[in-house]
Amino acid sequence: MAQTIVTAGQPLESEPRTPRAGGATSRGWRYMRQNKSLVFGLLLLLSLLLFAVVGAAVYDISKASPLSGPPARPPSATYPLGTDQQGRDMMAALIAGTPLTLRIGLIAGLIGTLIGTVLAFVAGYYRGIADTIIRTMVDIGLTVPGLVVLIIIAISIKGNMGVDQVALVVASTAWLWPTRSMRSQVLSMRERTYVQVARLSGMSGMEIIFREMMPNLIPFIAAGLVNSVSQAVLASIGLEALGLGALDTPTLGMTIYWAIYNSALLHGAWWVWAPAIVVILVLFMGLFLVSIGLDTITNPRLRRTA
């Protein structure tokens, strides 16, 4: 008969222990249920994504071009959201314009967050003259109204801009706030014990940044990216509403511009501007809720009270 040898400190088990499958997955679902802001925000953004993807598959988005239909028609069975003064189908314009507006925000937000992160580590970790120059540039840039700077840049560009050009214009100022917020985190982290130990062990500055500091700042960078995307979308809509965007593309901002240009509000053509406003509100509400949800990850006080 087989004997069971029990050593000191080892629990006696009647049967072999099987690894618990899905432990990380269950913890992830449990955290998502507790973080309702993040869940609701992701659902709102997912609904916009499905609206654009499914809509492009079942609806003819070529009707978003001018003169594709009769002008100034109210909603009907043929045109669910009516047409504007240029004869554009507003349903097609919304379906085609929503991903274009998100594209501008993502490009500008990614560029701004990337530049801001690099400058923040250079200024916050290495300090010295680089910190002085970067901090001065950021302080001066944040004191000037960003929309005014973007208007000047957009006016100085010759010719009609495309979606990518609008994103680059918005990205020209999108790095300022990420640089400041990230620099404060780097300044605090560089004085912590594990960074000091890594420095004393002979690790170089780049090794400390990428192996010790960067992994701990990923949640903070993700939250900053969401804020940068929302600010970039707002800036692009502001530029396009003034007629400084891509005139030949049906973005949400250009839809607002053509509604203002054709005095749709005065003529009672609510279908020209109201659906675009609703999509913009859903987009910003989703980004705002996702930002709040990510803030509970980066903020220990909120994480303890969640």
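The structure displayed is predicted, hence computed values, not measured ones. (Residues numbered from 1 in each chain as written. Predicted model: local features only at pLDDT ≥ 70, side-chain atom pairs only at ≥ 80, totals over all residues. Heavy atoms only, no water.)

## Observations concerning the overall build of the chain
Then, in step 1: Helices and strands together make up the secondary structure of the chain, namely 12 helices and 0 strands.
Then, in step 2: Secondary structure of the chain in N-to-C order comes out as α-α-α-α-α-α-α-α-α-α-α-α.
Then, in step 3: Taken across its 306 residues, the chain has 39% of its residues classed as buried.
Then, in step 4: When contacts within the chain are restricted to residue pairs at least 6 apart in sequence, those whose partners lie at least 24 apart make up 70%. (Helix = DSSP H or I, 4+ residues; strand = E, 2+ residues; numbered from the N terminus. Buried < 20%, exposed > 50% of the residue type's maximum accessible area, 1.4 Å probe, protein only. Contact = heavy atoms within 4.5 Å.)

## With respect to the layout of surface pockets
Then, in step 1: Empty space within the largest pocket amounts to approximately 430 Å³.
Then, in step 2: In terms of lining, the largest pocket is formed by 21 residues, of which the most central are G146, T173, A174, L176 and Q231.
Then, in step 3: Broken down by secondary-structure element, the contributors of at least two residues to the lining of the largest pocket are α4 (128-143), α5 (146-156), α7 (176-189) and α9 (205-241).
Then, in step 4: Looking at the lining of the largest pocket, the element that brings in the most residues is α9, giving 5 residues.
Then, in step 5: Grouping the amino acids of the lining of the largest pocket by side-chain chemistry returns 15 nonpolar, 6 polar and no charged.
Then, in step 6: Approximately 330 Å³ is the volume attributed to the second largest pocket. (1 Å grid on protein atoms, 1.4 Å probe; cavity = no way out; pocket = protein on both sides within 12 Å on 5 of 7 lines; lining within 4 Å. Points joined across faces, edges and corners; volume = space filled by probe spheres on them. Nonpolar A, V, L, I, M, F, W, Y, C, P; charged D, E, K, R; others polar.)

## Comments concerning helix α10 (residues 252-261)
Then, in step 1: Where burial is concerned, most of α10 is hidden: 8 out of the 10 residues are buried.
Then, in step 2: At the exit of α10 stands S263, carrying a positive phi of roughly 55 degrees.

## Brief notes about the packing of aromatic side chains
Then, in step 1: In total, this model carries 5 aromatic pairs according to the counting rule given.
Then, in step 2: Centroid distance W270 to W271: 5.9 Å. Interplanar angle 80 degrees. Geometry classified as edge-to-face.
Then, in step 3: Classification of W270 by relative accessible area gives partly exposed; the value is 48%.
Then, in step 4: An aromatic cluster of three or more residues is present, and its members are Y257, W258 and Y261.
Then, in step 5: For the cation-ring pair, K63 lies above Y59, with the distance from its terminal atom to the ring centre recorded as 5.7 Å.
Then, in step 6: Sitting over the face of the ring of Y125, R190 holds its NZ or CZ atom 5.7 Å from the ring centroid. (Phe/Tyr/Trp six-rings, centres within 6.5 Å; stacked < 30°, edge-to-face > 60°. Lys NZ or Arg CZ within 6 Å of the ring centre and 35° of its normal.)

## Here's the deal with the pattern of salt bridges
Then, in step 1: In the structure shown here, the tally under the stated rule is 7 salt bridges.
Then, in step 2: Its salt-bridge partner being R103, residue D164 comes within 2.9 Å of it at the nearest N-O pair. Of this pair, D164 sits in helix α6 (residues 163-171) while R103 sits in helix α3 (residues 90-126); the two residues are 61 residues apart in sequence, bridging distant segments of the chain.
Then, in step 3: Take D164: its relative accessible area is 33%, and that puts it in the partly exposed class.
Then, in step 4: The network of salt bridges with shared partners includes R127, D131, R135 and R183. (Salt bridge = Lys/Arg side-chain N within 4 Å of Asp/Glu carboxyl O.)

## Side note on the environment of Y125
Then, in step 1: Considering the arrangement of structural elements, one finds Y125 in helix α3.
Then, in step 2: A C-alpha to C-alpha distance of 8.2 Å links Y125 and G205, two positions 80 residues apart in sequence.
Then, in step 3: Other than its neighbours up to four places away in sequence, Y125 contacts A120, V186, R190, R199, G205, I208, I209 and M213.

## Here's the deal with the confidence of the model for the chain
Then, in step 1: Summarising the model, the chain shows a mean pLDDT of 86, and 86% of its residues fall at 70 or more.
Then, in step 2: Element-level mean pLDDT values for the chain span from 53 in helix α12 (residues 300-305) up to 94 in α3.
Then, in step 3: A low-confidence stretch, residues 1-21 (pLDDT under 50), is modelled with 2 contacts involving residues beyond four sequence positions or located in other chains. (pLDDT = per-residue confidence, 0-100.)

## Topic: the side chain of T179
Then, in step 1: By the secondary structure assignment, T179 is in helix α7.
Then, in step 2: Given a relative accessible area of 2%, T179 falls into the buried group.
Then, in step 3: Sequence-distant contacts of T179, defined by excluding residues within four places in its chain, comprise G116, L119, A120, I134 and V138.

## With respect to the environment of M90
Then, in step 1: Structurally, the position occupied by M90 is in helix α3.
Then, in step 2: On a C-alpha basis, the gap between M90 and K63 in space is 8.4 Å, while along the polypeptide they are 27 residues apart.
Then, in step 3: In this structure, M90 is in contact with L81, G82, T83, D84, T255, W271 and V272, ignoring residues within four places of it in sequence.

## So, the packing of α6 against α9
Then, in step 1: Between α6 and α9, the shortest axis-to-axis distance is 10 Å and the interhelical angle comes to 115 degrees. The hand of the α6/α9 crossing is right-handed. Residues V166, V169 and V170 of α6 form the contact with α9, whose participating residues are A232, A235, S236, L239 and E240.
Then, in step 2: Its residues placed into classes, the contact of α6 with α9 shows 6 nonpolar, 1 polar and 1 charged. (Axes fitted to C-alpha atoms, helices over the stretch in contact; angles between N-to-C directions. Left-handed = near helix turned anticlockwise from the far one by under 90°.)

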